[in-house]
Amino acid sequence: MLVFGTSAYLHAQRPPSRGTIVIVVPGEARLPIPTLARVRAEQDLSDLMFLRLARLGPTFTTAGDQGFLPELARSWSRRDSLTLVFELDPRAEWQDSTPVTSHDVVFTLTRARDPVLDPAHALLLQYVDRVTAEGDHRVVVHFSRAYAEQFYDATYHVQPLPAHIVSRIPRDSLATSNFVKQPIGSGPYRWVRREPGRSIELAANPRFFLGRPHIGRILILIARDPEAQLNLALEGTVDAIESVSPYGNIPRIAERPEFKIHPVRTFAVGYLLFNQHAYGDTTKPHPILSDVRVRRAILAALDRTAIVKSALGAYGEVAEGPIPRMSWIRDSTAKPTPPNASAAKALLTAVGWTDHDGDGVLDRDGVPLTLRLILPSVSPYRVAIGLLIQEQLRPIGIKVDLIQLDGPVWADRRGRREFDMDLSQGNLDPTPSGLVQSWTCAGQTGSNVGGFCDSRVDSLVAKARFARADPLPLWRQVIRTINDDVPAVFLYTLTNAMALHRRYTNVSIRPESWWGNLWQWSIDPAQAIARDRALTP
Amino acid sequence: MIGWLIRRGLQAVLTFAAAIVILFFLMRVTPGDPLMRMTEDRQISVAEMARLKHRFGLDQPLALQFITFTSAAIRGDLGVSIYRYPDRVLDLIVARLPASLLLGGTVLLLNFTIGVWLGVLQAARRGQFIDRWLTRLSLSGYAMPSFWLALVLVYFLSTRWRLLPSAQMTDPLLDPSAPFAVRTFDLLRHLLMPAFTLAIVTIAATMQYQRTAMLEVLRLDFVLAARARGLTESQVRWRHAWRNALFPVLTLFGLWLPILVSGSVFVERIFNWPGLGSLAWEAINGRDYPLLLGTSMIVTLLVILGGVCTDLGYWLLDPRVRRP
Amino acid sequence: MRGSLKRVFATAWHTPSGQVGAVTLLLIALVAVTITPFLPDPRIMPDLSGGAAPPSFAHPFGTDAFSRDILSRVVHGARVSLSIAALAVALSISLGAAVGTTAGYFGGWVDAVLMRSVDAAMAIPRLFILLLLVLVWERIPPAALVAVIGATGWFATSRLVRGEVLRLRELDYIRAAKALGAGSPGIIFRHVLPNTLGPLIVAATLGVGEVILLEAGLSFLGLGIAPPTPTWGGMVHDSESLMATAPWTGLFPGAAIVITVLAVNLWGEAMRAAVDPRTA
């Protein structure tokens, strides 16, 4: 009774939610709920509707228990090196007014650890041994081994689901259930409706226990094409473009007085990935690229500074290795090697590649040095980077065939290893453990599609992950070793340009969850436009 | 009447059947296993592959394959999309048909009204300044790639002058429960640019046909008689000559349709118009062979039906055709 | 027969639109041949950070996003577009003439089968046949592109030739040749084909315009000749995201298409009028 009275009082104190934000995103969000969300738009929606136990703090340090801020859990403590205890916020409730309890957390983490149901999360949570509830508000997570990122693993990967709803759905049909069509979360915004292929609407959750959101309505529009997205903004239809293509479009939106570009640093790293195996055949080594000298020659031939500047302008920096500049293990003293065309040429000659027939393309035993580079066509800056690579390798006698593919086709082609080179972009987790997926032998069945496998890297990564002392020097050694082997030419780290209408105030954008703070934004009443006037009940 | 209809209908069915044969063999004659091509870009398990193989009857001899393929097609089973697996090709096409018919219908309407009017005007001013320049302008339109014209129109009308929306079929923010008039106006605004793009690149044919037909009619006796009765030139033109000059233009209907559907692949893609053209574009982009084949079949069917409609119109309007 | 062709050319030349078309075409050819050696390599990206620059004295058509000279790319694109168009049309006209004469000369079931097939093939929009064929290649080689475009363009020609053959077959001198014991191929080559030359040349000319548009369309869809070879359609495609900030990147290649196709069509229409004066 007392709790109810307090919250009613609090709600009376807060102004009602009003105003709208219309966001345009490039793709449909089919499965916008935790454990199923994969693509960015799905993650965005999941983050708006569901909370985590705790979220990453401003330093993005994933090691230890200290760099985190409370969300569903108001506090936590450690019983020993293998046991973490979370105390849930008693005010937290699901959007159907059921309280969030420890049973929801136990249910969700247990479900996510099922390797049959959810292999991806089961791998991420492989060291979580057991999750138990002590009363309604205390969750105990037991780990099978001691390591630095226990807290991160327990909180970051999975947002708790409402057990009282999801447990009634047959285990393997969550993706087709009504819960996906009408999700019920614990977060600041609740689901309203979906127009398939066009839009998704969310509304403020007036009972959100951390405070009623200021902005009442979120409309998410889908427009795949960067040009179409930009036009929607220029015409005044949308208030926010999640990612403005840095290639050509940023100046156009920046010149409009009603818009402001917010640079958001990201964990994305773009690289020219080499296939270590033959085209589409992992049983044989690649006839050209399995030789590290050829890979080093390509690295030396590319002027990465020019490429990044030309394609990304101020929104990209040359990558120093497989990790983004945001990462807490970054070694700022490591500098990218400058280009050196004559060294590149010399390396290729040493391996036997020379231009015997004088057609401008190197050859060896009658085979021309031709490489097929696949890339996704929807992203103009990646197409531009592909053209720049093609042009920069031409003078040293490497012929690059550009193969632009639609997103899903490109992803499948990567999965089948049907490429010589690939223009990849890893949107990494904030943790350096993500390196495991892309650059170790174990990752070859998953996202390590280049098939790079070096036992030195593997043992260093294992050492760094389970280091008792400071893991930082070990992680930096991992980075140096990978760079030395050139499994890819690491090209850029990306700063995302988010375009926002100027009437939004109190704007803050979190790199790991762009819309995570949206509920705290508000609208300057003096600049409100027609679609802001409607009150949200 | 019935006899004629049956004959014409049979002819159309035969043409369509032959077109299906051609499309089928286009897919088979080209090098490589069709299913390999259909699946090479999508990860499909061995079991799934075997199931698909069985479903498409690829273990059977070619003749039997063809029968399986056509009998499925006749039952309306155009297979399953690769790109949007497991959506059915026919469902995807049916969902896109209305938008395409709206756009195509508008273009035909523009062609028929503006094109016929300009053609009559040209015939009346044969050899004069306006006739010569209208011919040149329409031929310039005919020489334009529709995608380029669309981009130029977007640049001026949307980007520079902000007069019309640059893409989509409706305003995404428009409340679906808005009054009918508001929604119609919104739709018209979005329809204007794609429809005019396609009309500009196709109108030359209409104008030329109308002009020629009109010139021939103006020489005929009854026109001379009408003039002799003292009717004004515009009365002669619009009451008598025009109606008789209309038939030849009807034959154009069959000629327009293929140009229209091809043009719509480009125009719908640029304007994000949710019709068959953009579906074909998605199929190309996703290397979705079944979807592209299905779209091609439907488009072919539309063209053939267009031809039948033309003949029917001709038959109803012009008694001379009725004689065997 | 030569004489009649000469007459067609002369008549066409003496119409204003024919003259405009022909002169424009000659100019385009002249420019493409003479100034090409003086232009920079259309693939070279001289200044990566420069971006698209508006037209200037150094670059009359401006530069594209990679600082490549657009004039040079348009001129090189002309060679690609025109040679593909010429070769493809030559192929389709030959195919059409072959099928048309066969059908018309032999008649009977040969004619029925061939012409029914042509009817059916004409019902499928050409772009869609092309798409089905072109998608087989990852990046289509130029020779294959020519073959594919040529192989889909002969249907109307075959009808036209067949009609002419049917008409000519009944003429007295062909009958006489037959009576004198001339063999079928001899009659076809010596008497029938030369008579269809006029309509064929008209069809070929108008076909070139159509093929230029088709090839540009395929390039625009990303299915034509692979980069870095410049093509007009490909340039318009690349300009799509730059139209608002650098419209010259798309305007010039597009204008090149319009002018060329228009010139071809004007000349073709003038010839058509010369061949068949009723439609003037």
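These numbers come from a predicted model, not from an experiment. (Residues numbered from 1 in each chain as written. Chains lettered and ligands numbered in written order. Predicted model: local features only at pLDDT ≥ 70, side-chain atom pairs only at ≥ 80, totals over all residues. Heavy atoms only, no water.)

Observations concerning the overall build of chain B
On a plain count of helices and strands, chain B comes out with 13 helices and zero strands. Taken over 324 residues, chain B has a buried fraction of 53%. With the model as given, the accessible surface of chain B reaches about 15,200 Å², and the carbon-plus-sulfur share is 68%. (Helix = DSSP H or I, 4+ residues; strand = E, 2+ residues; numbered from the N terminus. Buried < 20%, exposed > 50% of the residue type's maximum accessible area, 1.4 Å probe, protein only. Areas by Shrake-Rupley, 256 points an atom, 1.4 Å probe, with all protein chains shown as cover.)

So, the interface of chain C and chain B
Listed as interface residues are 42 residues of chain C and, on the opposing side, 47 residues of chain B. Roughly 4,000 Å² is buried in total at the junction of chain C and chain B, and carbon and sulfur atoms are behind 78% of that figure. The interface formed by chain C and chain B holds one salt bridge in total. Between E240 of chain C and R269 of chain B there is a salt bridge, with its nearest N and O atoms 2.7 Å apart. At the junction of chain C and chain B, the tally comes to two residue pairs in polar contact (both at pLDDT 80 or more). By residue number, the principal contributor to the side of chain C that touches chain B is helix α11 (residues 248–275) of chain C, which donates ten residues. (Contact = heavy atoms within 4.5 Å. Buried area = accessible area lost by both parts, 1.4 Å probe. Salt bridge = Lys/Arg side-chain N within 4 Å of Asp/Glu carboxyl O. Polar contact = N/O pair within 3.5 Å; in protein donor to acceptor, adjacent residues only side chain to side chain.)

Observations regarding the confidence of the model for chain A
Residues of chain A with pLDDT of at least 70 account for 96%, and the chain-wide mean is 87. Scored below 50 in pLDDT, residues 1–12 of chain A makes three contacts in the model with residues more than four places away or belonging to other chains. (pLDDT = per-residue confidence, 0-100.)

Remarks on the pairing of strand β12 (residues 259–274) of chain A
Residues and elements named next belong to chain A. Taken across its 16 residues, β12 has 13 buried, putting it largely inside the fold. Sheet analysis places β12 next to strand β21 (residues 488–501), joined by twelve bridges and oriented antiparallel. Among the inter-strand pairings, H262 is bridged to a residue of β21, identified as M498. Relative to strand β20 (residues 421–427), β12 runs antiparallel, the two being bridged by seven bridges. Following the sheet pairing, L273 is matched in β20 by D422. (Pairing = 2+ DSSP bridges.)

What to know about the packing of aromatic side chains
Counted under the stated rule, the structure contains 29 aromatic pairs over all chains. A centroid spacing of 4.9 Å and a plane angle of 15° characterise the contact between Y152 of chain A and Y156 of chain A, whose relative ring orientation is stacked. You can see Y152 of chain A and its partner Y156 of chain A sitting in helix α5 (residues 150–156), four residues apart, about one turn around the helix. Y156 of chain A shares its class with Y152 of chain A; the two are buried. Summarising the aromatic geometry, the rings of F147 of chain B and F220 of chain C are spaced 4.2 Å apart at their centres and angled 15° between planes, so their arrangement reads as stacked. You can see F147 of chain B sitting in helix α7 (residues 146–160) and its partner F220 of chain C sitting in helix α9 (residues 184–220), one on each of two chains. (Phe/Tyr/Trp six-rings, centres within 6.5 Å; stacked < 30°, edge-to-face > 60°.)

Examining the side chain of S81 of chain C
Residue position: S81 of chain C is located in helix α3 (residues 70–106). For S81 of chain C, the contacting residues outside a window of four places in its chain are E215 and W232 of chain C.

Considerations on the pattern of salt bridges
Residue and element names in this part refer to chain A. Applying the stated criterion across every chain yields a total of 42 salt bridges over all chains. For D484, the salt bridge is made with R296, and the minimal N-O distance between the two is 3.8 Å. Remark: R296 occurs in helix α10 (residues 292–301) and D484 occurs in helix α17 (residues 472–485); sequence separation between them is 188 residues. Classification of D484 as partly exposed rests on a relative accessible area of 42%. Note that R325 and E320 form a salt bridge whose closest N and O atoms lie 3.7 Å from each other. Taken as a pair, R325 and E320 share a single burial class, namely buried. A single salt-bridge network, built from bridges that share partners, covers R79, E87, E134 and R138.

Some details on the sheet that holds strand β6 (residues 128–134) of chain A
Residues and elements named next belong to chain A. Sheet architecture is open: four strands sit in the order β4-β5-β7-β6, paired in antiparallel fashion. Edge strands, defined here as strands with exactly one partner in the open sheet, are β4 (73–80) and β6. This sheet shows a mean twist of 20° between the axes of neighbouring strands, independent of strand direction. Summarising the sheet, strand β5 (residues 83–88) and strand β7 (residues 138–143) pair through five bridges and their orientation is antiparallel. Within β7, the position partnered with V85 by the bridge is V140. Across the sheet, helix α3 (residues 102–112) touches β5, β6 and β7, and the angle it forms with β6 is around 160°. (Axes fitted to C-alpha atoms, helices over the stretch in contact; angles between N-to-C directions.)

Brief notes about the state of the cysteines
Residues and elements named next belong to chain A. Within this structure, the stated rule accounts for one disulfide over all chains. A sulfur-sulfur distance of 2.0 Å marks the disulfide that ties C441 to C453. Across the S-S bond of C441 and C453 the torsion is about 95°, and the bridge reads as right-handed. Here the residue C441 occupies a position in the loop between α15 (434–439) and α16 (455–465), and C453 occupies one in the loop between α15 and α16, the gap between them amounting to twelve residues. The partly exposed category is assigned to C441, whose relative accessible area is 22%. (Disulfide = S-S within 2.5 Å.)

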